[in-house]
Amino acid sequence: MRVIAGSAGGIQLHVPKRGVRPTMDRVKAAIFSSLGNAVIDAHVLDLFAGSGALGIEALSRGAASVFFVDEDRQSIAAIEKNLGKARFQARVREQDVFEFLKRFSSSERFEIIFADPPYEKTKSGERFTEKLLSNEILPQLLEPNGVFVLEKLPAEEIPVTKFWEIRRSKRYGSTEVLFLRLATATTKTV
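Calculation notes
Residues numbered from 1 in each chain as written. Predicted model: local features only at pLDDT ≥ 70, side-chain atom pairs only at ≥ 80, totals over all residues. Heavy atoms only, no water. Phe/Tyr/Trp six-rings, centres within 6.5 Å; stacked < 30°, edge-to-face > 60°. Helix = DSSP H or I, 4+ residues; strand = E, 2+ residues; numbered from the N terminus. Buried < 20%, exposed > 50% of the residue type's maximum accessible area, 1.4 Å probe, protein only. Lys NZ or Arg CZ within 6 Å of the ring centre and 35° of its normal. Contact = heavy atoms within 4.5 Å. Expected span 1.5 Å × (residues − 1). Polar contact = N/O pair within 3.5 Å; in protein donor to acceptor, adjacent residues only side chain to side chain. Core = buried A, V, L, I, M, F, W, Y, C linked by side-chain atoms within 4.5 Å. Salt bridge = Lys/Arg side-chain N within 4 Å of Asp/Glu carboxyl O.

Brief notes about the packing of aromatic side chains
- Applying the stated criterion to the full structure yields nine aromatic pairs.
- Measuring from centroid to centroid gives 6.3 Å for Phe-98 and Phe-128, while their planes differ by 25°, and the two rings are stacked. Within this pair, whereas Phe-98 is found in helix 4 (residues 97–103), its partner Phe-128 is found in helix 5 (residues 128–133), the two being separated by 30 residues in sequence. The pair Phe-98 / Phe-128 is uniform in exposure class, with both members buried.
- With centroids separated by 6.3 Å and ring planes inclined at 35°, the aromatic side chains of Phe-104 and Phe-110 adopt a geometry described as tilted.
- Accessibility expressed as a relative area gives 0% for Phe-110, which makes it buried.
- Grouped by ring-pair contacts, the aromatic residues Phe-67, Phe-100, Phe-104 and Phe-110 constitute a single cluster.
- The ring centre of Phe-98 lies 4.5 Å from the NZ or CZ of Lys-131, which sits over that ring.
- We note Arg-168 situated over the ring of Phe-179; from NZ or CZ to the ring centre the distance is 5.2 Å.

Structural notes on the environment of Lys-170
- Considering the arrangement of structural elements, one finds Lys-170 in strand 6 (residues 164–172).
- You can call Lys-170 partly exposed: its relative accessible area is 43%.
- Along the primary structure Lys-170 and Val-27 are separated by 143 residues, whereas in three dimensions their C-alpha atoms are 9.5 Å apart.
- With sequence-adjacent residues up to four places away left out, Lys-170 is seen in contact with Thr-175, Glu-176 and Val-177.

Here we look at helix 3 (residues 73–86)
- For helix 3, built from 14 residues, the straight-helix expectation of 20 Å at 1.5 Å per residue is met to within 8% by its first-to-last C-alpha distance of 20 Å.
- Elements that come into contact with the buried residues of helix 3 comprise helix 2 (53–60), strand 2 (65–70) and strand 3 (91–94).
- Of the residues flanking the start of helix 3, the one acting as N-cap is Asp-72, its side-chain oxygen 3.1 Å from the backbone nitrogen of Gln-74.
- Where helix 3 ends, the next residue or the one after it, Arg-87, has phi of about 60°, a positive value.

Let's talk about the nonpolar core
- In this structure, Ile-31, Leu-35 and Phe-114 are the most contacted members of the largest nonpolar core, which totals 32 residues.
- Listed by contribution, the elements that provide at least two residues to this core are helix 1 (25–35), helix 2, strand 2, helix 3, strand 4 (110–115), strand 5 (142–152) and strand 7 (175–182).
- Phe-100, Ile-113, Leu-138 and Phe-148 belong to the second largest nonpolar core, which has 26 residues in total.

Section: the pattern of salt bridges
- Scanning all chains against the criterion turns up ten salt bridges.
- Residue Glu-57 pairs with Lys-28 through a salt bridge whose shortest N-O separation is 3.9 Å. Of this pair, Glu-57 sits in helix 2 while Lys-28 sits in helix 1, placing them 29 residues apart in sequence. This pair shows no difference in class: Glu-57 is buried, exactly as Lys-28 is.
- Ionic pairing is found between Arg-73 and Glu-94, a salt bridge with its closest N-O pair at 3.6 Å. Residue Arg-73 is located in helix 3, and its partner Glu-94 is located in strand 3; the two are separated by 21 residues in the primary sequence.
- In the salt-bridge network here, residues are joined through shared partners; they are Arg-2, Asp-25, Lys-28, Glu-57 and Arg-61.

Structural data, given as structure tokens:
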């Protein structure tokens, strides 16, 4: 796995030995092709960050900042190592994503939010995708014209949600990428 383009293009990234499912380079390339210039100067939140590949790619392509969140200690170490290799600085938080969302009390907003959650179910039996899409705090963290990029299993059904509108979806083998925008009713300041 490597950084595809930008100032850190070609740098090989360290991937933890367990607990992550890295985004394939061709999927990553397609995501950033779709985002285009929206990445430049964007403030990015990378949830379930794993190796940090999506956020580091964003930094390499001109993002202003990235905030990485993952609960796995090995993933946090990999992100920090990869940031060092690419010579980037960013905020990195070792915390469960849903605890992070519950406790994040900043007025900070992001233009791009990435989420590549585990494909398995949560300990309580919900699917991560379902839990993310029904989370009331996540929409408050996205700028009104921002984009939420969510990776999921193609066979996984999307629950009806009052918070998000799917703008585009694309399948790449065993991964489906959704590009979501805030539903019209949720763009109000909370």
